[in-house]
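Chain residues, written in single-letter form:
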Amino acid sequence: MSLKKVLALTLSISVCMAAAGCKKAPEDAIKIGAIFSVTGGGSNLGAPESKTAKMLVDEINAKGGVNGKMLDLIVKDSESSPEKAISFAKQLIEEEKVFAIIGPSTSGETMKIKSICDEAKVIMLSCAAAEVIVNPVAKYVFKTPQKDSHVAMRIFDTMKKMGINSIGIISDNTGFGNAGKDQLEKIAPQKGVKIVISEVYDKKATDLSGVLTKLKARNVQAVVNWSIVPAQSIVAKNMKQINLNVPLFQSHGFGNIKYAKEAGKAGEGIIFPCGRLLVAEQLPDTNKQKTLLVKYKKDYEAKFNEDVSTFGGHAYDAITILVEGLKKAGSADREKVRTAIENLKGFPGTAGVFNFSPQDHNGLGLDSLVILTVKDGKFVPYEKLD
Amino acid sequence: MDAGRYIPVLILAAAVAAVQLFTLATGSEYYLTQLTMSAYYALVIIGLCTLMGYAGQISLGHAGFFAIGGYTVSVMTTYDFSGFSGSAVMGLLGTLGLASASGGELHLSPWVSLAAALVITVAVAFIIGIPILKLKGHYLAMASLGFGLIIYRIVLGTRIFGEADGISDVPGFAIAGGLRVSGSPELRIQNYYIAWTLVIIGTVMLINLVKSRAGRALRSIHGSEEAAMAMGVNASRYKLYVFVISAVFASLAGAFMAHLNGGIGPSEADVMKSVKYVAIVAAGGMANLWGALTMGVLLNYISLRGYLGSYDDAFFGAILIAIMLFAPEGLINPAVMKTAAVRARSLIDSIKKKTGRGGHAS
């Protein structure tokens, strides 16, 4: 019987684990749990979020913390797996007794732990986009990214100004693509735009000229593409190849200069709504967000040597909103902080100016988005910035 | 009747209770959360262990069966069947008390969805198993991998399965009396026992299987399929049966896990999950149910608690390589532990020799 050896092995492993798991933190620090998809399918979201959160917490602690207390950030990598997000959420709430949870990065994970956080009365500030996260409102659940419906509305408003009435939409088969397609189809009639054709393609498609040819045959006045990488760049190239010379609109997912570079010359003139982060320097000095946007962009790019993306900004907003709530409440009392966040008005973040209310746990309006376009390989405002 | 084989089962049951009492005494009941989840994964592992270790058939598609179970119950318990309220089937289920209307929606009992999940699993396992179990070695591995990929792509690409977001808000499963499979903190202790009861029942069943005539037949197939057939063993039938049984174990685990977690996501169907299961079976010792069970709980527990951080998948990949190199019979095996040490030492010696020679040459 190898029982002795099994025991020895188990014991030695658990000792190693315990040693690795114990991290000394100041006694009265405010513990904040973070669940990010640092690796796995959502790593393009989770990696910048995790970096941003750590950078920001270090910065806050260097300045003496919040209300005289240090912040203790515990980051867990969920690898985009809901079952891990569930396990980590329970762990953070029950064992670590965290004050609040930042994240998760993806909507699927957020929806799995929405009720866990709400029942445990732990504040959650999700960095995921789906509207169902805050609709219906759960008392303790907030989210920081802009709503898909607002993105769709801004796209249609811009089209109306350009005199475009009949369009074709294409989207990939991810959750992001489908949510966008739903919103576009729902809002188009309200805005008086006719969708003559709507096509879905696989997210890993490497050539979309077949899909685009169908759109060309229907004489669309503009194309809207709602997808993740790399299709965003492929669409632009294929449109030029098949001579489909109409304006191309993209979702806010296009908000990383890398994608514009990949599209090269074909990417010129792409129009998309996005937060103000990418054009921070070009904002007028009167803009409430400008100072923090310029600083965040500079700090992030200097520290990590990579282009800033809007995703990291969602974690930035989640932490600054929580910190503001703590300051307003004056103590680490969950009820008071939750109420303070719910009543936060005119609070500038990277995604926009937040105005929370008991009915609106997202707090961002249509004006949180600006319309950008690609010119000479750079993002520039399509309309005058405010 | 050989009662000796059940002594380890009693030890396991005692250990399960002891752990619970220990956490109760130390106020650390939160450990039970991950131990409950690990138990369901262990159910997949012991099923797969019987297939791989005893029958000698590899499967890189068992996450697919887990997903079939989990997704079937998730869809069926969250779907509003009021559109079918006039149909004869729904009428029958209603009179049997297996469908209930609330708030204008008509929902099926979790018993119906669990039964459906198991029926679908058995059907799929038969349909897939008959052709692919004719393959051997890495051809079988590839074919089962293909099956796993298909399931993954289906859940990722189908609206009703929630695509990339998966399914949320799956209700708890009221088994009987106050027993309820659910993730809520106040039901933690009973859920821990529900999960471990399933594992113990499953283990007893598999022990009986491998110690029976069928088990000897399976081992003879593992040894040499041709020789087994020459001795009158219907190899293809035995292989198929054990494949179906292991698929049912995985599916059952998936179904209970979906109720426990209140949902399921495509990561459960991911091929990397299947690789993880194979790695754990290998670490436990291929033909060693107890080893597989121990490793299944231990390694899943480590993974679910996030001790491995971002290196989770890498860790399981490394385990697979290390086990295949140094201890192909698994870790939990005294003889093997010795040979593994010897092998590792001889490898180090040979590397030393080689680098030593290299040094002389230059």
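Model, not experiment: these values are computed from the prediction. (Residues numbered from 1 in each chain as written. Chains lettered and ligands numbered in written order. Predicted model: local features only at pLDDT ≥ 70, side-chain atom pairs only at ≥ 80, totals over all residues. Heavy atoms only, no water.)

K.L.:
Please give an account of the overall build of chain B that cites residues and values.
P.N.:
When helices and strands are tallied, chain B shows 14 helices and six strands. Scaling as 2.2 N^0.38, a compact globule of 362 residues should have a C-alpha radius of gyration of about 21 Å, and chain B matches this with 22 Å. A principal-axis box enclosing the C-alpha atoms of chain B has dimensions of 85 × 55 × 55 Å. Per-residue burial over chain B gives 51% buried out of 362 residues. Intrachain contacts of chain B at a sequence separation of at least 6 include 76% that bridge at least 24 residues. A total of about 15,700 Å² of accessible surface is found on chain B, and carbon and sulfur atoms cover 69% of it. In chain B, the 23 positive side-chain charges and the 16 negative ones have mean positions that sit 15 Å from each other. (Helix = DSSP H or I, 4+ residues; strand = E, 2+ residues; numbered from the N terminus. Rg over C-alpha atoms; globule rule 2.2 N^0.38 Å. Buried < 20%, exposed > 50% of the residue type's maximum accessible area, 1.4 Å probe, protein only. Contact = heavy atoms within 4.5 Å. Areas by Shrake-Rupley, 256 points an atom, 1.4 Å probe, with all protein chains shown as cover. Lys, Arg positive; Asp, Glu negative; His and termini not counted. Charge placed at Lys NZ, Arg CZ, Asp CG, Glu CD.)

K.L.:
Give me the domain arrangement of chain B: which residues, what numbers.
P.N.:
Residues and elements named next belong to chain B. The domain architecture assigned to chain B consists of domain 1 (3-331) and domain 2 (332-362). On a C-alpha basis, the centres of domain 1 and domain 2 stand 38 Å from each other. Contacts between domain 1 and domain 2 engage 13 residues on the former and eight residues on the latter. In total, about 760 Å² of surface goes out of reach between domain 1 and domain 2, with carbon and sulfur atoms giving 64% of it. Contact with domain 2 buries surface across domain 1, with Phe-326, Glu-329 and Leu-331 losing the most and accounting together for 60% of the total. Inspection of the region where domain 1 meets domain 2 yields zero salt bridges. Across the contact surface, domain 1 and domain 2 share zero residue pairs in polar contact (both at pLDDT 80 or more). (Domains from an automatic or database assignment. Buried area = accessible area lost by both parts, 1.4 Å probe. Salt bridge = Lys/Arg side-chain N within 4 Å of Asp/Glu carboxyl O. Polar contact = N/O pair within 3.5 Å; in protein donor to acceptor, adjacent residues only side chain to side chain.)

K.L.:
An account of the packing of helix 3 (residues 82-95) of chain A against helix 4 (residues 107-120) of chain A is requested, with residue identities and associated values reported.
P.N.:
Residues and elements named next belong to chain A. The interhelical angle for the contact between helix 3 and helix 4, taken along N-to-C directions, is 20°, at an axis separation of 8 Å. Here helix 4 runs roughly parallel to helix 3, going by the angle between their axes. Here helix 3 and helix 4 pass one another in a crossing that is right-handed. Contacts between helix 3 and helix 4 involve Pro-82, Ala-85, Ile-86, Ala-89, Lys-90 and Ile-93 from the former and Glu-109, Lys-112, Ile-113, Ile-116, Cys-117 and Ala-120 from the latter. Tallied by class, residues from the contact of helix 3 with helix 4 come to nine nonpolar, no polar and three charged. (Axes fitted to C-alpha atoms, helices over the stretch in contact; angles between N-to-C directions. Parallel < 35°, antiparallel > 145°, perpendicular 65-115°, else oblique. Left-handed = near helix turned anticlockwise from the far one by under 90°. Nonpolar A, V, L, I, M, F, W, Y, C, P; charged D, E, K, R; others polar.)

K.L.:
An account of the packing of aromatic side chains is needed here, citing residue identities and associated values.
P.N.:
Counted under the stated rule, the structure contains 22 aromatic pairs over all chains. On the basis of an interplanar angle of 55° and a centroid distance of 5.0 Å, the ring pair of B:Tyr30 and B:Tyr31 is categorised as tilted. Look at B:Tyr41 and B:Phe66: their rings are 5.6 Å apart centre to centre, the planes differ by 20°, and that puts the pair in the stacked class. Here B:Tyr41, found in helix 2 (residues 31-54), pairs with B:Phe66, found in helix 3 (residues 62-78); they are 25 residues apart in sequence, far enough to count as distant. Owing to a relative accessible area of 2%, B:Tyr41 belongs among the buried residues under this scheme. Taken together, A:Phe254, A:Tyr259, A:Phe272 and A:Phe379 form an aromatic cluster joined through their ring pairs. (Phe/Tyr/Trp six-rings, centres within 6.5 Å; stacked < 30°, edge-to-face > 60°.)

K.L.:
Give me the lowdown on the environment of A:Asp157, citing residues and values where you can.
P.N.:
Residues and elements named next belong to chain A. Tracing the sequence through the fold places Asp-157 in helix 5 (residues 148-162). Note: C-alpha distance between Asp-157 and Lys-295 (138 residues apart in sequence) is 31 Å. A distance of 3.1 Å separates the side chain of Asp-157 from the side chain of Lys-191, its partner in a polar contact.

K.L.:
Could you give me a rundown of helix 11 (residues 310-329) of chain A, with the residues and numbers involved?
P.N.:
Residues and elements named next belong to chain A. Its 20 residues place the ends of helix 11 28 Å apart at the C-alpha level, agreeing with the 28 Å of an ideal helix rising 1.5 Å per residue. With 18 of 20 residues buried, helix 11 is to be regarded as a mostly interior element. Just past helix 11, the residue Gly-330 takes up positive phi, approximately 80°. (Expected span 1.5 Å × (residues − 1).)

K.L.:
Which residues make up the interface of chain A and chain B, and what values do they have?
P.N.:
Every contact between the two is made by 35 residues of chain A and, on the other side, 41 residues of chain B. The contact between chain A and chain B buries some 3,200 Å² in all, and 53% of this surface belongs to carbon and sulfur atoms. Applying the counting rule to chain A against chain B returns six salt bridges. With its nearest N and O atoms 2.6 Å apart, the salt bridge here joins B:Arg305 to A:Glu95. Linking chain A with chain B are 18 residue pairs in polar contact (both at pLDDT 80 or more). Those elements that place two or more of their residues in the side of chain A that touches chain B are helix 1 (3-21), strand 2 (71-77), helix 3, helix 4 and helix 6 (175-191) of chain A.

K.L.:
Please provide a residue-by-residue account of the pattern of salt bridges, values included.
P.N.:
Residues and elements named next belong to chain A. This structure, assessed with the given rule, holds 26 salt bridges over all chains. Ionic pairing is found between Glu-96 and Lys-31, a salt bridge with its closest N-O pair at 3.0 Å. Highlighted residues: Glu-96 in the loop between helix 3 and strand 3 (100-102) and Lys-31 in strand 1 (residues 30-36), separated in sequence by 65 residues. Its relative accessible area of 25% is what places Lys-31 among the partly exposed residues. Residue Glu-281 is joined to Lys-297 by a salt bridge in which the shortest nitrogen-to-oxygen separation is 3.3 Å. Here Glu-281 is found in the loop between strand 10 (271-274) and helix 10 (290-304), whereas its partner Lys-297 is found in helix 10, with 16 residues between them in sequence. Among the ionic contacts, a cluster of salt bridges with common partners joins Glu-59, Lys-63, Lys-295 and Asp-299.

K.L.:
If you had to explain the state of the cysteines to someone new, which residues and values would you point to?
P.N.:
Residues and elements named next belong to chain A. All chains considered together, the criterion is met by zero disulfides over all chains. Take Cys-127: it sits in no disulfide, and the sulfur closest to it among the cysteines is that of Cys-117, at 12 Å. Cys-127 gets classed as buried once you look at its relative accessible area, which sits at 4%. (Disulfide = S-S within 2.5 Å.)

K.L.:
Describe in detail the packing of helix 11 (residues 271-284) of chain B against helix 13 (residues 312-326) of chain B, supporting the description with residues and values.
P.N.:
Packed helix pairs are specified by the crossing angle of their axes together with the interaxial distance, meaning the distance between the axes. Residues and elements named next belong to chain B. Orientation of helix 11 relative to helix 13, taken along the N-to-C sense of each, is 40°, at an axis distance of 9 Å. As summarised for this structure, helix 11 and helix 13 are arranged oblique, according to the angle between their axes. The way helix 11 lies across helix 13 gives a crossing that is left-handed. On helix 13, the residues that touch Met-272, Val-275, Lys-276, Val-278, Ala-279, Ile-280, Ala-282 and Ala-283 of helix 11 are Asp-312, Asp-313, Phe-316, Ile-319, Leu-320, Ile-323 and Met-324. Looking at the contact of helix 11 with helix 13 residue by residue, the class counts come to 12 nonpolar, no polar and three charged.

K.L.:
Before we move on, can you summarise the nonpolar core with the specific residues and values?
P.N.:
Formed by 98 residues in total, the largest nonpolar core has its most connected members in B:Tyr40 and B:Phe256. Once residues within four sequence positions are removed from consideration, B:Tyr40 is found in contact with B:Val181, B:Ile194, B:Ala195, B:Leu198, B:Ala253, B:Phe256, B:Met257 and B:Leu260. Grouped together as the second largest cluster of nonpolar side chains are 80 residues, A:Met55, A:Ile102, A:Val220 and A:Leu344 included. (Core = buried A, V, L, I, M, F, W, Y, C linked by side-chain atoms within 4.5 Å.)

K.L.:
Now, about the confidence of the model for chain A: what can you tell me, with residues and values included?
P.N.:
On average, chain A scores 90 in pLDDT, and the residues at 70 or more come to 93%. Here residues 18-24 of chain A scores under 50 on pLDDT; set against residues more than four positions off or in separate chains, the count is two contacts. (pLDDT = per-residue confidence, 0-100.)

K.L.:
An account of the sheet that holds strand 5 (residues 141-143) of chain A is requested, with residue identities and associated values reported.
P.N.:
Residue and element names in this part refer to chain A. Pairing is parallel across the open sheet formed by five strands, whose spatial order is 2-1-3-4-5. Every other strand in the sheet has two partners, leaving strand 2 and strand 5 as the edge strands with one partner each. Neighbour to neighbour, the strand axes of the sheet diverge by 20° on average, direction disregarded. Pairing between strand 1 and strand 3: three bridges, direction parallel. Looking at the pairing, Gly-33 lines up with Ile-101 of strand 3. Strand contacts of helix 4: strand 1, strand 3, strand 4 (123-126) and strand 5, with the helix running at about 160° to strand 4, the strand carrying the most contacts. (Pairing = 2+ DSSP bridges.)

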